[in-house]
Amino acid sequence: LSGVIRPVSLTLAAVSLALEKGVRHCIIPRANLAEAEHCPTHNTHVALIGVDTLTEAFHRLAALCKGEEYEAAKADHTRPMEAPCTWEPVEEGYEEVKGQALLVRSLTIAAAGGHNLIAWGSPGSGKTLALRRFPALLPLLDTERALEVTRIYGLAGISAGEQGLITRAPFREPHQGASLEGMTGGGVRLKPGEVSLAHGGALFLDEAAQFKGSVLQSLRGPLETGWVTVSRAGKTERYPARFQLLLTMNPCPCGNFGSMNKPCLCAPEAVDRYWKRLSAPLLDRMDIRVAVTNPGQSMAGEEGENTELLRARIAVARLRQWRRNRRYSHYWLNAHLQAGDIDEVCKMESKAHQLYRAAIEKGDLSGRGAHAVCKVARTIADMADKDLIGEAELQEALSLHAWGEAAPIFLYA
């Protein structure tokens with residue numbers, strides 16, 4: 001019992017969980033005290049006791065059992081949440097992304113409401129450049145979400161650094177060769193995978209058709225439920241996995257489908273197989289769909305979008321959602337609204353409602369697609385600081401959900 005206790009990577013995760021369960025005293029390695037002190041107490045007293053050896057830990061526990069009431073305090077589930085409208089100084093913003101106004105607008109809407117997005121276009125059109133700058137549009141995590149993310153990273157053995165608490169929204173970009181275990185989690189210790197490491201942020205799959213089919217299909221469950229279950233050798237763990245999915249695709253294997261000045265060398269069957277690697281159910285979960293065209297000469301003299309202005313629009317939308325949607329769910333972004341809450345939250349003006357009904361009657365929308373259009377339209381209206389969804393907001397949401405004329409042929413089948 002005289003051996004020195006070494007620092008461990010799960011201290012902050014363990015202390016934050018103890019806080020939620022009402023535990024009032026935590027005995028931890030002394031070397032982890034500075035890290036654990038970053039865990040906010042939310043007006044619930046938690047005593048952190050640092051020890052160097054197991055002998056010291058034993059005596060401190062014995063003293064607590066003799067001198068303190070040893071029962072769990074009632075967990076405080078009414079702790080306040082701060083408004084989610086804070087950003088770090090931008091490192092790489094959208095000022096350098098030129099000639100892609102529609103894509104930048106779509107990414108702003110996606111960031112404001114937490115919506116899934118797919119962008120496809122010819123190689124070199126700038127879609128990857130724009131999506132890799134998506135973290136500049138994501139606000140810092142509120143304390144409750146930061147604790148969840150920090151716990152997940154602690155379980156994965158990833159240090160939060162000197163700050164102790166991960167406050168930056170995750171942005172994960174796994175390689176195309178990622179395994180199913182790497183994506184969903186697993187291994188001997190059942191560590192969280194990429195879908196859980198992206199919890200509270202975004203998972204970006206560049207050239208999505210290059211990923212294994214099993215890996216792509218594994219995303220459907222977490223996108224629907226916000227959880228992933230990992231099983232191995234009789235052990236099972238369930239991890240949070242509520243993220244927004246960002247995909248990029250070429251329009252076909254050679255990349256020239258739909259180009260006006262480059263011939264496409266792919267047979268129709270090859271284009272069909274290429275897109276079907278994602279499967280219709282996964283594509284149906286993409287709320288926003290953007291065809292990215294090569295800007296060409298239009299970039300000359302054009303200025304990119306001001307990142308601070310984009311953030312200001314996102315802040316307006318997120319603050320409205322935070323005030324309105326928390327009554328419905330712990331996860332309050334518009335993309336997380338349940339089907340039963342959509343009619344109450346996504347109220348429309350009369351002309352917008354008529355347009356919406358007409359789109360449904362034409363058969364242009366699946367059931368999930370109709371809900372997605374409502375949520376995206378709600379986000380656009382929130383960005384405009386409007387209580388009701390107007391005709392313009394719904395029309396934009398419909399256009400962003402449609403595949404458009406540049407889509408591969410099989411999508412019309």
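These numbers were taken from a predicted model, which means no experiment stands behind them.

1. With respect to the overall build of the protein
Assigned secondary structure in the protein consists of 17 helices and 11 strands. Looking at the protein alone, contacts between residues at least 24 apart form 74% of all its contacts between residues at least 6 apart. Just so you have it, the protein exposes about 20,000 Å², and 52% of that area is on carbon and sulfur atoms.

2. Some points on the sheet that holds strand β11 (residues 288-292)
The strand order across the open sheet built from 5 strands is β4-β7-β10-β3-β11, with neighbouring strands paired in parallel fashion. Two strands lie at the open edges of the sheet, namely β4 (171-172) and β11, each paired on one side alone. The pairing of β4 with strand β7 (residues 202-205) spans 2 bridges and is parallel. Within the sheet, the bridge partner assigned to F171 lies in β7 and is A202. Packing of helix α4 (residues 101-113) onto the sheet brings it into contact with β3 (117-121), β10 (244-249) and β11, and relative to β11 it is tilted by some 160°.

3. Here's the deal with unusual backbone geometry
Notably, L190 is not glycine yet its phi reads approximately 55°, a positive angle. Topologically, L190 is positioned in the loop between β5 (185-186) and β6 (191-192). Residue L190 is classed as buried on the basis of its relative accessible area of 3%. Even without glycine at this site, D385 takes up a positive phi of about 60°. Looking at where D385 falls in the secondary structure, it is placed in the loop between α16 (367-383) and α17 (391-401).

4. Quick look at the pattern of salt bridges
Note on pairing: side chains with opposite charge can pair once their charged atoms come close. Scanning the model with the defined rule gives 22 salt bridges in all. A salt bridge links R132 to D206, with the nearest nitrogen and oxygen atoms 3.8 Å apart. Taken together, the residues span a long stretch of sequence, with R132 in helix α5 (residues 127-132) and D206 in the loop between β7 and α9 (213-217) at a distance of 74 residues. The class of R132 is partly exposed, set by a relative accessible area of 44%.

5. A few points about helix α13 (residues 307-325)
Compared with an ideal rise of 1.5 Å per residue, which puts 19 residues at 27 Å, α13 spans 26 Å between its outermost C-alpha atoms and is within 8% of the ideal. Those residues of α13 lying buried are T307, L310, R311, I314, A315, A317, R318, R320, Q321, W322, R324 and N325. In this structure, the buried residues of α13 make contact with α4, α14 (339-345) and α16. Structurally, the start of α13 carries an N-cap: the backbone nitrogen of E308 is 2.9 Å from a side-chain oxygen of N306.

6. Comments concerning the pairing of β3
With 5 of 5 residues buried, β3 lies mostly within the body of the structure. Here β3 shows two buried faces, one formed by L117, A119 and G121 and the other by I118 and W120. In terms of strand pairing, β3 meets β10 through 4 bridges, oriented parallel. Note that in β10 the partner of W120 across the bridge is M249.

7. Considering the nonpolar core
Of all hydrophobic cores here, the largest spans 61 residues; its most connected members are Y94, L107, L117, F134 and L394. Among the nonpolar cores identified, the runner-up in size contains 35 residues, and L205, L219, F243 and L282 belong to it.

8. Section: the side chain of R324
Within the secondary structure layout, R324 lies in helix α13. Residue classification places R324 among the buried positions, given a relative accessible area of 15%. Within the structure, R324 has its side chain in polar contact with the side chain of D382 (distance 2.9 Å). Each residue touching R324, except ones within four places of it in the same chain, is listed here: N334, V345, R378 and D382.

9. Considering the packing of aromatic side chains
One pair of aromatic rings is described through two measures. These are the centre distance and the angle between the planes. Taken as a whole and judged by the stated rule, the model has 4 aromatic pairs. Look at W120 and W275: their rings are 5.9 Å apart centre to centre, the planes differ by 90°, and that puts the pair in the edge-to-face class. Residue W120 is located in strand β3, and its partner W275 is located in helix α11 (residues 268-276); the two are separated by 155 residues in the primary sequence. An identical accessibility class is assigned to W120 and W275; each is buried. Counting every residue linked through ring pairs, the aromatic cluster contains W120, W275 and W403. The side chain of R326 reaches across the aromatic face of W322, ending 4.1 Å from its centre.

10. Comments concerning the packing of α13 against α16
Contact pair α13 / α16: the axes reach a minimum separation of 7 Å and the direction vectors enclose 115°. By the angle class used here, α13 and α16 are roughly perpendicular. Judged by the sense of rotation from one axis to the other, the crossing of α13 with α16 is right-handed. Along its contact with α13, which presents R313, V316, A317, R320, Q321 and R324, the element α16 presents R378, T379, D382 and M383. Here the residues of the contact of α13 with α16 sort into 3 nonpolar, 2 polar and 5 charged.

11. Quick word on the environment of N306
By the element assignment, N306 lies in the loop between β11 and α13. Using a relative accessible area of 35% as the deciding quantity, one classes N306 as partly exposed. For the pair N306 and Y94, spaced 212 residues apart in sequence, the C-alpha to C-alpha distance is 6.4 Å. At 3.1 Å, the side chain of N306 and the backbone nitrogen of L309 are in polar contact.

12. A short note on α16
Along an α-helix, residues three or four positions apart point the same way, because every turn accommodates 3.6 residues. Over its 17 residues, α16 extends 25 Å from the first C-alpha to the last, a length consistent with the 24 Å expected when each residue adds 1.5 Å. Summarising burial for α16: 14 of the 17 residues are buried, a large majority. Backbone geometry just downstream of α16 places D385 in the positive-phi region, at approximately 60°.

Thresholds, definitions, all that
- Residues numbered from 1 in each chain as written.
- Predicted model: local features only at pLDDT ≥ 70, side-chain atom pairs only at ≥ 80, totals over all residues.
- Heavy atoms only, no water.
- Helix = DSSP H or I, 4+ residues; strand = E, 2+ residues; numbered from the N terminus.
- Contact = heavy atoms within 4.5 Å.
- Areas by Shrake-Rupley, 256 points an atom, 1.4 Å probe, with all protein chains shown as cover.
- Pairing = 2+ DSSP bridges.
- Axes fitted to C-alpha atoms, helices over the stretch in contact; angles between N-to-C directions.
- Buried < 20%, exposed > 50% of the residue type's maximum accessible area, 1.4 Å probe, protein only.
- Salt bridge = Lys/Arg side-chain N within 4 Å of Asp/Glu carboxyl O.
- Expected span 1.5 Å × (residues − 1).
- Polar contact = N/O pair within 3.5 Å; in protein donor to acceptor, adjacent residues only side chain to side chain.
- Core = buried A, V, L, I, M, F, W, Y, C linked by side-chain atoms within 4.5 Å.
- Phe/Tyr/Trp six-rings, centres within 6.5 Å; stacked < 30°, edge-to-face > 60°.
- Lys NZ or Arg CZ within 6 Å of the ring centre and 35° of its normal.
- Parallel < 35°, antiparallel > 145°, perpendicular 65-115°, else oblique.
- Left-handed = near helix turned anticlockwise from the far one by under 90°.
- Nonpolar A, V, L, I, M, F, W, Y, C, P; charged D, E, K, R; others polar.

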